[in-house]
Amino acid sequence: MQMKINDDTYDVITSKDITNIEKAVDKSTLTMPLVAVYCGSRLGNNDVYEQAARELGSALADNGMGLVYGGASIGLMGAVADEVIKGGAEAVGVIPTFMLKHEIAHEQLTRLHLTDTMHTRKTVMAEYADAFITLPGGLGTLEEIMEIATWRQLYQHEKPMIILNINGFYDRMIEHLKYTTEQGFMKQQDLGRLVVCNTIGEAIEMLQTVVTINDHVDTEKMAGSNS
């Protein structure tokens, strides 16, 4: 299955393809670890969020790390990608075909992948990623970090997960997760794996100590699921 964007033709990665995720995602030519950044396709109502997204992109590139993200050129997503690219680092975008009606794909990426569904998108991103960072965002951002945390709880990966709590954006969510743990619906160790950083410097320092390239997500059972 293929799709044309402007003058370029792209293969569309499907749910069938990701049953063999290591074949669908070729990491052999990457020269640096990639950090998956989950964030909004909007900029929000406070300039501090865009500023943080740009600072994170620059910091990743300055510290020898690239980006894998949702592939768009708008919102915080586009801001992070712009700065990673300006810094000379690798940037991989992954976007479902139906989203092209709503979001413009970034034109300067190292790689752009098209997928058939959101589930396929998230699986491809997870395979590329050597760590995960969450900036402010909406429902999609919340869903992404919660799903990847659930995958960790189910022993599908052992990659670091960071909530970048810019401007106290995630204070209420963090309190709810603590309450969830107190009420017996979540283990303390699973809560502890969601590392909260209040500054970009803290997040980069953590990534420098724990990130290694080519750690795989075990998605064999999950990749082909339609649920």
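Let us look at the structure shown here. (Residues numbered from 1 in each chain as written. Predicted model: local features only at pLDDT ≥ 70, side-chain atom pairs only at ≥ 80, totals over all residues. Heavy atoms only, no water.)

1. A closer look at helix 4 (residues 118-128)
And step 1. Of all the 11 residues making up helix 4, 10 are buried; the element is thus mostly covered by neighbouring parts of the structure.
And step 2. Its side-chain oxygen 3.4 Å from the backbone nitrogen of histidine 119, threonine 117 forms the N-cap of helix 4. (Buried < 20%, exposed > 50% of the residue type's maximum accessible area, 1.4 Å probe, protein only. Helix = DSSP H or I, 4+ residues; strand = E, 2+ residues; numbered from the N terminus. Polar contact = N/O pair within 3.5 Å; in protein donor to acceptor, adjacent residues only side chain to side chain.)

2. Notes on the nonpolar core
And step 1. Val37, Leu56, Leu60, Val68, Leu135, Leu164 and Leu207 are the most contacted members of the largest nonpolar core, which has 74 residues in total.
And step 2. Looking at this core element by element, the count peaks at seven residues for helix 2 (residues 47-62).
And step 3. Filtering out sequence-adjacent residues up to four positions away, leucine 56 remains in contact with Val37, Ile133, Leu135, Leu164, Ile200 and Ile204. (Core = buried A, V, L, I, M, F, W, Y, C linked by side-chain atoms within 4.5 Å. Contact = heavy atoms within 4.5 Å.)

3. Here we look at empty space enclosed by the protein
And step 1. By the definition in use, this model includes one cavity of 30 Å³ or more.
And step 2. There is about 60 Å³ of room inside the largest cavity.
And step 3. The element contributing the most residues to the lining of the largest cavity is helix 5 (residues 139-153), with four residues.
And step 4. Among the residues making up the lining of the largest cavity, the classes are represented as four nonpolar, no polar and three charged. (1 Å grid on protein atoms, 1.4 Å probe; cavity = no way out; pocket = protein on both sides within 12 Å on 5 of 7 lines; lining within 4 Å. Points joined across faces, edges and corners; volume = space filled by probe spheres on them. Nonpolar A, V, L, I, M, F, W, Y, C, P; charged D, E, K, R; others polar.)

4. Structural notes on the environment of aspartate 62
And step 1. Counting through the fold element by element, aspartate 62 comes out in helix 2.
And step 2. Along the chain, aspartate 62 and alanine 89 lie 27 residues apart, while their C-alpha atoms are 8.3 Å from each other.

5. Considering the sheet that holds strand 8 (residues 161-164)
And step 1. Sheet architecture is open: nine strands sit in the order 1-2-6-5-4-3-7-8-9, paired in mixed fashion. The sheet is open, and its two edges are formed by strand 1 (2-5) and strand 9 (194-197), each paired on a single side. Ignoring which end each strand starts from, the neighbouring axes of this sheet average 30° apart.
And step 2. Bridge count for strand 4 (residues 66-69) against strand 5 (residues 91-96) is three bridges, and the pairing is parallel. What sits directly across from leucine 67, in strand 5, is alanine 91.
And step 3. Contacts between helix 3 (residues 75-86) and the sheet are confined to strand 3 (34-38), strand 4 and strand 5, with strand 4 contributing the most and set at about 155° to the helix. (Pairing = 2+ DSSP bridges. Axes fitted to C-alpha atoms, helices over the stretch in contact; angles between N-to-C directions.)

6. Things to note about the pattern of salt bridges
And step 1. Under the counting rule described, the total for this entry stands at nine salt bridges.
And step 2. Where arginine 54 meets aspartate 82, a salt bridge forms, and the shortest distance between an N and an O atom there is 3.9 Å. Highlighted residues: arginine 54 in helix 2 and aspartate 82 in helix 3, separated in sequence by 28 residues.
And step 3. Of the residues examined, arginine 54 reaches a relative accessible area of 26% and is grouped as partly exposed.
And step 4. Note on aspartate 82: relative accessible area 23%, which makes it partly exposed.
And step 5. Close ionic contact of glutamate 147 with lysine 122 constitutes a salt bridge, the shortest N to O distance being 2.7 Å. Separated by 25 residues along the polypeptide, glutamate 147 in helix 5 and lysine 122 in helix 4 bring together distant segments of the chain. Exposure class is identical for glutamate 147 and lysine 122. Each is buried.
And step 6. One connected set of salt bridges, linked through shared partners, spans Glu50, Arg54, Asp82, Glu83 and Lys86. (Salt bridge = Lys/Arg side-chain N within 4 Å of Asp/Glu carboxyl O.)

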